[in-house]
Amino acid sequence: MDKQQDAGTNYSASNIQVLEGLEAVRKRPAMYIGDISEKGLHHLVYETVDNSIDEALAGYCTHIEVTVNEDGSITVQDDGRGIPVDIHPKEKVSALEVVMTVLHAGGKFDKGSYKVSGGLHGVGVSCVNALSKKMISQVFRDGKIYQQEYAYGKALYPVKVIGDTTLRGTRQQFWPDNTIFTTTTYKYDILSNRMRELAFLNAGLKITLTDKRPDEEGKTHQQVFYSEDGLKEFVRYIDANRVHLFEDVIYLKTEKQGIPIEAAIMYNNSYTDNIHTYVNNINTIEGGTHLTGFRIALTRVLKKYAEESKALEKAKIEISQEDFREGLTAVLSIKVAEPQFEGQTKTKLGNSEVNGAVQQAVGEALTIYLEEHPREAKMIIDKVILAANARIAARKASETIRRKNPMSGGGLPGKLADCSDKDPAKCEIFLVEGDSAGGSAKQGRKRAFQAILPLRGKILNVERQQWHKAFESDEVNNIIQALGVRFGVDGEDSKTANLEKLRYHKVILMTDADVDGAHIDTLILTLFYRYMPQLIERGYVYLATPPLYKCRKGKVEEYCYDDAEKQRFLETYNDGQEEGVTIQRYKGLGEMNPEQLWATTMDPDSRLLKQVSLDNAAEADHIFSMLMGDDVGQRRDFIEQNATYATIDA
Ligand code: 0RA
């Protein structure tokens, strides 16, 4: 009862502000949900699901059903206690209405309980309501169905009883406002990746995702996500296509200084480390104090173990921090009551108290594991020593690159047609498939700010190479030199890319719209993802989209970028018929002359660039290791099924 009174008081005290609050959300939606594109649109679902996850974390909800309805609206239903609907005696407003129409009401309202979930922006379901042209809340409680409807965030009537039920829980349905969002079409794959991630992060919680919109074959989709073992299963999923040093997952779940901490670690035979960290179910891609604590504990414990076993003396080499992490895949998930998110994308944890807590938890668990598993411990230490040897070789190789670095006077790759402007913020570089397309691009470009680097066929697959071997490849070196990225400067980790001298803030992959082109994109993205992830994190990487067709009917001529656009052309100009329309299909960039290439694919005023993002780094990790690992069959299948980068691309 206390909580509800609290909510009521809040509401009365700020009744007028309340209206302004939701108006503000509609006026500046990006401030509340990040952006108004596809990303923000999907954020509405996450925000709604987060409320149900809080109910699950409180121990009252075991199943969440997320449905994309046939009309494109979203329904989220849980089997929790149901949002309270009591009417405050003085205020005459139900708790439900407060939650749905008061900005940030969720947090204040639920003050007494342990609220740790909450999306990146943690804005609450009232923002979802404000950005929906229509929303319906139903609460199943005490044998009754309560309902309230809203338009653009405003209640249409007080909560009413509409029937009886034996169910318990909350059901939210919303129709995103198409005057706010640039698109209101939900993508099943994006939702599915996030629901899978949430199921791994919340062991024991069942999440059902249903898409009732029929696909091209008239089929609907449904997946059930459920993980009994949580992060243990998550790390196996991420690493499913890698070869492991040993099959054990090193696992811990504990609480230190009031902070719940869960982690799972696996060692594989790759040359990179992949540590995925979460705070309150949010992927902290920029890391922070929890990641620092994890790394410190790992180094400290392994170093101590290696020293005591005298393995290092025998090897006679200096081990650095990064050597301890090579071939490590880990997921770390913690819950913090008041997280401070910092950094460029607000995904870096700042809370200083977390470092010590994580260090302690990971340190203890790892120490016990090594003591109890001497065979595995030896395998880890042997791998660390191998990594140190490889790193020393890598340093020698990268010194060669540094000598050729543009800033140290070594010059740029001969194949690069550079731009004349020197301000990276204004400059873009096109990495172009093949010399002939490269030639057209050079002729068609605006020399002032566009640089062209033609690539000869497929670049090296760095996923399957030792770190230093990548630097021995000419094509990889050309890319690194042209970009101006340096490695291992000023005593940093040799594996950490330094972007200070990055020469372009748009790095655009321009490849043919076919399977080979998709493969080349994947190879280059793998290089970026594994060697310079900050490039992707900061939003510098893009995919160009060349047109698939040129359609002409009489004097009307249009470029069409996909089959839907071609169909629209046919319907607009020719009653949907192909006969009587000249359709030229572009098989490759090379078929376009310089003017066409400029007009369709390179001109900032008319081109379509897709920004590559790392929304879901764990899924990207899983996919990259699948695509680029040893199993060629799987890679072919995936590339053929996914002409576009469903999960990698924003
Ligand atoms: C606070 C108190 C109670 C339930 C909830 C919040 C609640 C919120 C949401 C949002 C989505 N699903 C939800 N389920 C529950 C219940 C208090 C009580 O019954 O005593």
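Before going into details, it helps to say that this report is about the structure given with it. (Residues numbered from 1 in each chain as written. Predicted model: local features only at pLDDT ≥ 70, side-chain atom pairs only at ≥ 80, totals over all residues. Heavy atoms only, no water.)

### Re the site of the ligand
In the neighbourhood of the ligand, 12 residues make up the surrounding shell, with Glu55, Asp78, Ile83, Arg141 and Thr170 lying closest. Asp78 is positioned with one of its side-chain polar atoms (N or O) 2.7 Å from a nitrogen atom of the ligand. In this structure, an oxygen atom belonging to the ligand sits 3.0 Å away from a side-chain N or O atom of Arg141. Burial of the ligand by the protein amounts to 80% of the accessible area it has alone, namely 460 Å². Here the shell around the ligand gets three residues from one element, more than from any other, and that element is helix 4 (residues 38-57). When its residues are assigned to classes, the shell around the ligand shows three nonpolar, four polar and five charged. (Near = heavy atom within 4 Å. Polar contact = N/O pair within 3.5 Å; in protein donor to acceptor, adjacent residues only side chain to side chain. Areas by Shrake-Rupley, 256 points an atom, 1.4 Å probe, with all protein chains shown as cover. Helix = DSSP H or I, 4+ residues; strand = E, 2+ residues; numbered from the N terminus. Nonpolar A, V, L, I, M, F, W, Y, C, P; charged D, E, K, R; others polar.)

### Quick notes on the pattern of salt bridges
Counted according to the given criterion, the structure contains 28 salt bridges. Two residues, Arg242 and Glu463, come together in a salt bridge whose shortest N-O distance is 3.5 Å. Of this pair, Arg242 sits in the loop between helix 9 (231-238) and strand 10 (250-256) while Glu463 sits in the loop between strand 19 (450-455) and helix 15 (467-470), placing them 221 residues apart in sequence. The residues Arg242 and Glu463 share a single accessibility class, namely buried. (Salt bridge = Lys/Arg side-chain N within 4 Å of Asp/Glu carboxyl O. Buried < 20%, exposed > 50% of the residue type's maximum accessible area, 1.4 Å probe, protein only.)

### Describing the nonpolar core
Ile429, Leu431, Leu483, Phe528 and Met532 are the most contacted members of the largest nonpolar core, which has 51 residues in total. Among residues more than four places away in sequence, those in contact with Leu483 are Ile429, Lys501, Leu502, Arg503, Tyr504, Val507, Phe528, Met532 and Leu535. Counting 47 residues, the second largest nonpolar core, distinct from the first, contains Tyr32, Leu41, Val125 and Ile180. (Core = buried A, V, L, I, M, F, W, Y, C linked by side-chain atoms within 4.5 Å. Contact = heavy atoms within 4.5 Å.)

### Digging into the sheet that holds strand 23 (residues 541-544)
Read from one edge to the other, the open sheet built from five strands follows the order 19-18-22-23-27, with strand pairing classed as mixed. Bordering the open sheet on either side are strand 19 and strand 27 (609-611), each of which pairs with just one other strand. Averaged over all neighbouring strand pairs, the angle between strand axes comes to 25°, with direction disregarded. (Pairing = 2+ DSSP bridges. Axes fitted to C-alpha atoms, helices over the stretch in contact; angles between N-to-C directions.)

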